[in-house]
Amino acid sequence: MKFDELDISSKLNRKILDLGFYVLTPIQDKCIPEIIKGRDIVGQSKTGSGKTFAFAIPIIDKVQNGKGIQAVILTPTRELCVQITQVFRELGSIFDLKVASVFGGVRIEPQINSLQNSEIVVGTPGRMLDHIGRNTIDFRSMRFLVIDEIDKLFEMGFIEDVEEIISYVPRDRQTLMFSATMQNDLLRIMSKHLKNPLIVSVDSYLETSKLKQLYYDIYNKKNKFSLLVHLIRKNYKGMSIVFCSTRNQVDLVARNLKNQGLRACAIHGGMTQKKRLSSLDLLQKQNTDILVATDVAARGLDIKNVTHIYNYDVPKTSQEYIHRVGRTARAGENGNAITLLTKPDHDNFRNVQSNDNLEIHRANMPNFKSLPFIIRRPYSKNKNFR
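First, a word on what this report is: a plain description of the structure on this page. In this text, all values refer to a predicted model and were calculated from it rather than measured experimentally. (Residues numbered from 1 in each chain as written. Predicted model: local features only at pLDDT ≥ 70, side-chain atom pairs only at ≥ 80, totals over all residues. Heavy atoms only, no water.)

1. Some thoughts on the packing of helix α2 (residues 26–36) against helix α3 (residues 51–62)
The line we're drawing: Interaxial angle, 0 to 180 degrees, is taken between N-to-C directions of lines fitted to C-alpha atoms, where a helix line uses only the stretch in contact. What counts as a helix is a DSSP run of H or I of at least four residues, what counts as a strand is a run of E of at least two, and both are numbered from the N terminus. We call two directions roughly parallel when the angle between them is under 35 degrees, roughly antiparallel when it is over 145, roughly perpendicular when it lies between 65 and 115, and oblique otherwise. Each helix crossing is assigned a hand: it is left-handed if the near helix lies turned anticlockwise from the far helix by less than a right angle, otherwise right-handed if that turn is clockwise. We call two residues in contact whenever any of their non-hydrogen atoms come within 4.5 Å of each other. Classification convention: Asp, Glu, Lys, Arg as charged; Ala, Val, Leu, Ile, Met, Phe, Trp, Tyr, Cys, Pro as nonpolar; all other residues, Gly among them, as polar.
Contact geometry for α2 and α3: axes closest at 8 Å, N-to-C directions at 25°. Comparing their axes, α3 and α2 come out roughly parallel. α2 and α3 meet at a crossing whose hand is right-handed. For the pair α2 and α3, the contacting residues are Ile27, Gln28, Cys31, Ile32, Ile35 and Ile36 in the first and Lys51, Phe53, Ala54, Phe55, Ile57, Pro58 and Lys62 in the second. Considered class by class, the residues forming the contact of α2 with α3 number ten nonpolar, one polar and two charged.

Structure representation (structure tokens):
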């Protein structure tokens, strides 16, 4: 289906076409017409499938200027909150709709002011509860509740906060939930809070014909960073994402990549909001070539032109691996997923390889230059060590 075939206002349709979108993605094709009809939806699709448009377009079409807060979108991370806010502001600008972005790590007063005259609110659960506790958010006019990346909200332990927020919003509403996976916990929440929902699932398999999957078995773990730099320089085309398992590792790897003259930025949950937003800005303006991130921080981010995924730390499950490497080899383009193995990674890698649908081939170790990996000890000045 094409966007100009949707039952939405001509003004909104022109805006979508002006943004360069003509044909609906599968998740949009299945969800948008049903949301327009007023149905509750549970949508399953991977990151990058176009699901933000799937709920933003029908909401923008129905929300009215000056009628109070009519739509609330809950997200697991601040980065995703910022991205969704930008989509709603871009589409809603044609109707002069105002969108409040509500998340922690920044002063709450500007958010309080923004909530007084907004029609749409995008927020993280913790800060949303702060506003509820302060009586600075009014749900009486609310018509839409969207819970995005709900599987990640479960994983991060936010689902009780989500349940509490739901207890404050009107029962007479349309509820939309989106997830990358379909879990029993999600089905429980769905049966409790949704009315006769339509379950929409879009296949999230890997396009293996377009995705080259390799792993390097590194005998000496001190060589892991040196090999990473060698591979990035060899394949310096497009955008690369380097996944690490901890916040500290993200900081170390990103800093050492910069020390090698590479354009890298980092995103993880422990960064100050200013630094996180700075990294998002670099990504959106394509002023960086490498994103180093944890799974949680990178979840939901729409990152263009990703040609290489590097598993600097191996994910614990095949599902996590699929989520990571599924960010490349999209829209008919080729992609590369490279896993760097040292001895501590072998147990996790066996879990990943237990999925028979994955075809990860061992690569021959290339010759590469040994590089320093600098770690700064806490409380020590001017002291570096390997």
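2. As for helix α11 (residues 247–259)
Let me state the cut-off plainly: To estimate how far a helix should reach, multiply one less than its number of residues by 1.5 Å. Accessible area is worked out with a 1.4 Å probe on protein chains only. A residue is then buried under 20% of its type maximum, exposed over 50%, and partly exposed in between.
The first and last C-alpha atoms of α11 sit 18 Å apart over 13 residues, in line with the 18 Å expected at 1.5 Å per residue. Listing the buried residues of α11 in full gives Val250, Leu252, Val253, Ala254, Asn256 and Leu257. The elements touched by buried residues of α11 are α10 (224–234), β9 (239–243), β10 (264–267), β11 (290–293) and β15 (375–376). Note on α11: the residue one or two positions beyond its end, Gly261, has a positive phi of about 80°.

3. Let's talk about the sheet that holds β11
The line we're drawing: Pairing between strands is defined by DSSP: at least two bridges between them are needed.
Here we have seven strands laid out as an open sheet, ordered β10-β11-β9-β12-β13-β8-β14, and parallel in their pairing. Looking at the sheet topology across the chains shown, the edges are occupied by β10 and β14 (361–362). Two strands pair when backbone bridges link them, and strand β8 (residues 211–217) and strand β13 (residues 335–341) are joined in this way by seven bridges, in the parallel orientation. Bridging across to β13, Asp217 finds its partner in Leu341. Sheet strands in contact with helix α12 (residues 273–284) are β9, β10 and β11, and its direction is about 130° off that of β10.

4. Here we look at the pattern of salt bridges
Cut-off, in case you're wondering: We define a salt bridge as a contact between a side-chain nitrogen of Lys or Arg and a carboxyl oxygen of Asp or Glu at a distance within 4 Å.
Tallied over the entire structure, the rule returns 17 salt bridges. Close ionic contact of Lys192 with Glu163 constitutes a salt bridge, the shortest N to O distance being 3.4 Å. Of this pair, Lys192 sits in helix α9 (residues 184–193) while Glu163 sits in helix α8 (residues 159–168), and the two are 29 residues apart along the sequence. Here Asp289 ties to Arg263 by a salt bridge, and the two come within 2.9 Å at their closest N and O atoms. In this pair, Asp289 sits in the loop between α12 and β11 while Arg263 sits in the loop between α11 and β10, placing the two residues 26 residues apart along the sequence. Connected through salt bridges with shared partners, the residues Lys51, Asp148 and Glu149 form a single ionic network.

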